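Per-entry structural report
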Amino acid sequence: MTEDVKIEYRAKGKVAGLAAMTSEQANEQYLSWLNSSGVFESLESLRRPMSVEQLRDYVVRTMADPSNCFFAVHLLETDKFVGTIKISGIEPTAGIGYVGLVVGDRAARGLGVGKEIVGLVTEYAFHHLNLRKLCAGVADSNTASLQCFLSNGYFEEARRRD
(Lines give C-alpha, C1' and ligand atoms only; values in the text may rest on other atoms or scores of the structure.)
Protein backbone atom coordinates (compact mmCIF):
# COMPACT_ATOMS: atom_id res chain seq x y z
CA MET A 1 0.00 0.00 0.00
CA THR A 2 1.17 3.49 -0.67
CA GLU A 3 1.48 5.82 2.27
CA ASP A 4 -1.24 8.20 1.04
CA VAL A 5 -3.93 5.49 1.00
CA LYS A 6 -5.78 5.18 4.29
CA ILE A 7 -7.59 1.90 4.74
CA GLU A 8 -10.96 2.13 6.43
CA TYR A 9 -11.32 -1.04 8.44
CA ARG A 10 -14.76 -2.46 9.15
CA ALA A 11 -13.29 -4.75 11.81
CA LYS A 12 -9.84 -5.17 13.37
CA GLY A 13 -8.15 -7.94 15.28
CA LYS A 14 -4.61 -8.08 16.65
CA VAL A 15 -2.96 -9.17 13.40
CA ALA A 16 -5.44 -8.49 10.59
CA GLY A 17 -8.28 -6.23 9.62
CA LEU A 18 -11.24 -6.37 7.27
CA ALA A 19 -11.87 -3.58 4.76
CA ALA A 20 -14.33 -3.33 1.90
CA MET A 21 -13.07 -5.19 -1.16
CA THR A 22 -12.35 -3.03 -4.21
CA SER A 23 -12.22 -3.89 -7.90
CA GLU A 24 -8.61 -2.63 -7.99
CA GLN A 25 -7.65 -5.55 -5.76
CA ALA A 26 -8.75 -7.97 -8.50
CA ASN A 27 -5.27 -7.97 -9.97
CA GLU A 28 -2.45 -10.33 -10.98
CA GLN A 29 -1.46 -10.88 -7.34
CA TYR A 30 -4.96 -11.94 -6.28
CA LEU A 31 -5.32 -14.09 -9.40
CA SER A 32 -2.03 -15.85 -8.62
CA TRP A 33 -3.37 -16.73 -5.15
CA LEU A 34 -6.55 -18.19 -6.59
CA ASN A 35 -4.72 -20.20 -9.24
CA SER A 36 -2.10 -21.54 -6.83
CA SER A 37 -2.09 -25.19 -5.94
CA GLY A 38 -4.34 -26.00 -3.02
CA VAL A 39 -6.36 -22.78 -3.15
CA PHE A 40 -8.11 -23.23 -6.49
CA GLU A 41 -9.21 -26.79 -5.66
CA SER A 42 -10.89 -25.69 -2.43
CA LEU A 43 -12.92 -22.79 -3.82
CA GLU A 44 -16.62 -23.40 -4.23
CA SER A 45 -17.45 -20.22 -6.16
CA LEU A 46 -14.65 -20.36 -8.76
CA ARG A 47 -14.55 -23.53 -10.80
CA ARG A 48 -11.84 -22.79 -13.36
CA PRO A 49 -8.69 -20.75 -13.92
CA MET A 50 -9.53 -17.24 -15.11
CA SER A 51 -8.03 -14.04 -16.46
CA VAL A 52 -7.65 -10.79 -14.52
CA GLU A 53 -10.62 -9.38 -16.46
CA GLN A 54 -12.79 -12.35 -15.49
CA LEU A 55 -11.64 -12.04 -11.87
CA ARG A 56 -12.46 -8.32 -11.87
CA ASP A 57 -15.93 -9.05 -13.29
CA TYR A 58 -16.47 -11.66 -10.56
CA VAL A 59 -15.36 -9.23 -7.84
CA VAL A 60 -17.56 -6.40 -9.18
CA ARG A 61 -20.60 -8.70 -9.44
CA THR A 62 -19.98 -10.09 -5.96
CA MET A 63 -19.62 -6.62 -4.44
CA ALA A 64 -22.80 -5.39 -6.18
CA ASP A 65 -24.91 -8.32 -4.98
CA PRO A 66 -26.72 -7.32 -1.76
CA SER A 67 -26.67 -10.94 -0.60
CA ASN A 68 -22.86 -10.70 -0.18
CA CYS A 69 -20.40 -8.92 2.12
CA PHE A 70 -16.95 -9.08 0.51
CA PHE A 71 -13.91 -8.04 2.54
CA ALA A 72 -10.25 -7.56 1.74
CA VAL A 73 -7.95 -8.86 4.48
CA HIS A 74 -4.97 -6.68 5.41
CA LEU A 75 -2.17 -7.16 7.90
CA LEU A 76 -2.56 -4.32 10.39
CA GLU A 77 1.16 -3.71 10.85
CA THR A 78 1.77 -2.98 7.16
CA ASP A 79 -1.74 -2.64 5.62
CA LYS A 80 -0.65 -5.30 3.14
CA PHE A 81 -3.49 -7.02 1.24
CA VAL A 82 -3.13 -10.74 2.04
CA GLY A 83 -6.49 -12.34 1.32
CA THR A 84 -10.25 -12.14 1.22
CA ILE A 85 -13.22 -13.30 3.24
CA LYS A 86 -16.86 -13.04 2.31
CA ILE A 87 -20.29 -13.80 3.59
CA SER A 88 -22.38 -14.88 0.63
CA GLY A 89 -25.88 -16.11 0.01
CA ILE A 90 -27.16 -13.96 2.85
CA GLU A 91 -30.79 -14.80 3.52
CA PRO A 92 -32.02 -11.99 5.79
CA THR A 93 -35.39 -13.59 6.54
CA ALA A 94 -33.82 -16.90 7.53
CA GLY A 95 -30.80 -15.18 9.11
CA ILE A 96 -28.28 -17.41 7.33
CA GLY A 97 -25.08 -16.74 5.38
CA TYR A 98 -22.13 -18.69 4.00
CA VAL A 99 -18.49 -17.86 4.78
CA GLY A 100 -15.54 -18.40 2.47
CA LEU A 101 -11.96 -17.22 2.85
CA VAL A 102 -8.63 -17.14 1.09
CA VAL A 103 -5.39 -16.27 2.86
CA GLY A 104 -3.49 -16.02 -0.38
CA ASP A 105 -0.20 -14.46 0.65
CA ARG A 106 1.92 -17.39 1.81
CA ALA A 107 3.91 -15.12 4.15
CA ALA A 108 0.67 -14.39 6.06
CA ARG A 109 -0.06 -18.07 6.70
CA GLY A 110 0.80 -19.44 10.11
CA LEU A 111 0.33 -16.04 11.78
CA GLY A 112 -3.21 -16.72 12.98
CA VAL A 113 -4.76 -14.56 10.23
CA GLY A 114 -7.32 -17.18 9.18
CA LYS A 115 -8.52 -17.85 12.70
CA GLU A 116 -8.73 -14.15 13.46
CA ILE A 117 -10.63 -13.14 10.31
CA VAL A 118 -13.15 -15.96 10.73
CA GLY A 119 -13.80 -14.60 14.23
CA LEU A 120 -14.09 -11.02 12.94
CA VAL A 121 -16.46 -11.88 10.11
CA THR A 122 -18.55 -14.05 12.43
CA GLU A 123 -18.94 -11.19 14.89
CA TYR A 124 -19.75 -8.82 12.01
CA ALA A 125 -22.42 -11.20 10.68
CA PHE A 126 -24.11 -11.66 14.04
CA HIS A 127 -23.89 -8.07 15.33
CA HIS A 128 -24.12 -5.94 12.17
CA LEU A 129 -26.10 -8.12 9.79
CA ASN A 130 -28.23 -9.77 12.50
CA LEU A 131 -27.66 -13.23 11.10
CA ARG A 132 -28.28 -16.21 13.35
CA LYS A 133 -26.33 -18.94 11.53
CA LEU A 134 -23.23 -19.10 9.35
CA CYS A 135 -22.15 -22.08 7.28
CA ALA A 136 -18.84 -22.85 5.60
CA GLY A 137 -17.62 -25.50 3.22
CA VAL A 138 -14.06 -26.73 3.70
CA ALA A 139 -12.16 -29.17 1.49
CA ASP A 140 -11.11 -32.34 3.34
CA SER A 141 -7.46 -31.60 2.59
CA ASN A 142 -7.62 -28.08 4.08
CA THR A 143 -7.17 -28.88 7.75
CA ALA A 144 -5.89 -25.37 8.54
CA SER A 145 -9.12 -23.82 7.27
CA LEU A 146 -11.21 -26.34 9.16
CA GLN A 147 -9.33 -25.47 12.35
CA CYS A 148 -9.99 -21.74 11.78
CA PHE A 149 -13.72 -22.42 11.84
CA LEU A 150 -13.72 -24.97 14.68
CA SER A 151 -11.72 -22.63 16.92
CA ASN A 152 -14.36 -19.93 16.40
CA GLY A 153 -17.28 -22.04 17.58
CA TYR A 154 -18.30 -23.61 14.28
CA PHE A 155 -18.93 -27.33 14.28
CA GLU A 156 -19.01 -30.03 11.68
CA GLU A 157 -22.59 -30.58 10.66
CA ALA A 158 -22.13 -32.88 7.67
CA ARG A 159 -19.65 -34.24 5.11
CA ARG A 160 -20.26 -34.14 1.42
CA ARG A 161 -19.20 -37.17 -0.56
CA ASP A 162 -17.11 -36.52 -3.65
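Since this is a predicted model, take the numbers as computed values, not measurements.

1. Remarks on the overall build of the chain
The number of helices and strands found in the chain is four helices and six strands. Of the regular secondary structure in the chain, the N- to C-terminal order runs β-β-α-α-β-β-β-α-β-α. Within the chain, buried positions represent 43% of all 162 residues. For the chain, the proportion of contacts with a sequence separation of at least 24, taken over those separated by at least 6, is 57%. As presented, the chain carries roughly 9,600 Å² of accessible surface, and 50% of it is formed by carbon and sulfur atoms.

2. Observations concerning the packing of aromatic side chains
The description of two aromatic rings rests on the distance between their centres and on the angle between their planes. Taken as a whole, this structure holds six aromatic pairs when the rule is applied. An angle of 70° between the planes, with centres 5.0 Å apart, marks the rings of F149 and Y154 as edge-to-face. Taken individually, F149 and Y154 each receive the classification buried, so the pair is uniform in this respect. Through a chain of ring-to-ring contacts, three or more aromatic side chains come together here, namely Y30, W33 and F81. The ring of F70 is capped by K86, whose NZ or CZ atom sits 5.9 Å from the centre of that ring.

3. A few points about the pattern of salt bridges
As enumerated under the stated definition, the model contains two salt bridges in all. A salt bridge links D105 to K80; its shortest N-O distance comes to 2.8 Å. Of this pair, D105 sits in the loop between β5 (96–103) and α3 (113–127) while K80 sits in the loop between β3 (69–75) and β4 (81–91); the two residues are 25 residues apart in sequence, bridging distant segments of the chain. The class for K80 is partly exposed, based on a relative accessible area of 36%.

4. Some points on helix α4 (residues 143–150)
Within the span of α4, buried status applies to S145, C148 and F149. Mapping the buried residues of α4 onto a view down its axis gives an arc of 95°, with all of them on the same face. Residues T143 and A144 are exposed on α4 and point more than 90 degrees away from its buried face. For α4, the secondary structure elements touched by its buried residues are β5, α3 and β6 (133–136).

5. Some words on the pairing of strand β2 (residues 16–20)
Most of β2 is tucked away, with four of its five residues classed as buried. Summarising the sheet, strand β1 (residues 9–12) and β2 pair through three bridges and their orientation is antiparallel. Within β2, the residue paired with A11 across the bridge is L18. With antiparallel pairing between neighbouring strands as the criterion, β1 and β2 make up a hairpin whose turn holds three residues. Taken together, the five bridges between β2 and β3 define a ladder with antiparallel strand orientation. Each bridged residue has a counterpart across the sheet, and for L18 the counterpart in β3 is V73.

6. Looking at the pairing of β3
Taking burial as the measure, the seven residues of β3 include seven buried ones, the bulk of the element. Residues of β3 alternate between two faces, with C69, F71, V73 and L75 on one and F70, A72 and H74 on the opposite face, all of them buried. By the bridge criterion, six bridges tie β3 to β4 in an arrangement that is antiparallel. Following the sheet pairing, C69 is matched in β4 by I87.

7. A few points about the nonpolar core
Counting residues in each nonpolar core, the largest one holds 27 residues, and the members touching the most others are L18, V73, I85, I87, V113 and I117. Breaking this core down by element, the ones donating at least two residues are β2, β3, β4, β5, α3 and α4. Residue contributions to this core peak at seven residues, all from α3. What I87 contacts, discounting residues up to four positions off in sequence, is S67, N68, C69, G97, Y98, V121, Y124, A125, L129, L131 and L134. Listed in part, the 15 residues of the second largest apolar core include M50, L55, Y58 and F70.

Rules behind the numbers
Residues numbered from 1 in each chain as written. Predicted model: local features only at pLDDT ≥ 70, side-chain atom pairs only at ≥ 80, totals over all residues. Heavy atoms only, no water. Helix = DSSP H or I, 4+ residues; strand = E, 2+ residues; numbered from the N terminus. Buried < 20%, exposed > 50% of the residue type's maximum accessible area, 1.4 Å probe, protein only. Contact = heavy atoms within 4.5 Å. Areas by Shrake-Rupley, 256 points an atom, 1.4 Å probe, with all protein chains shown as cover. Phe/Tyr/Trp six-rings, centres within 6.5 Å; stacked < 30°, edge-to-face > 60°. Lys NZ or Arg CZ within 6 Å of the ring centre and 35° of its normal. Salt bridge = Lys/Arg side-chain N within 4 Å of Asp/Glu carboxyl O. Arc of directions from axis to C-beta. Pairing = 2+ DSSP bridges. Core = buried A, V, L, I, M, F, W, Y, C linked by side-chain atoms within 4.5 Å.

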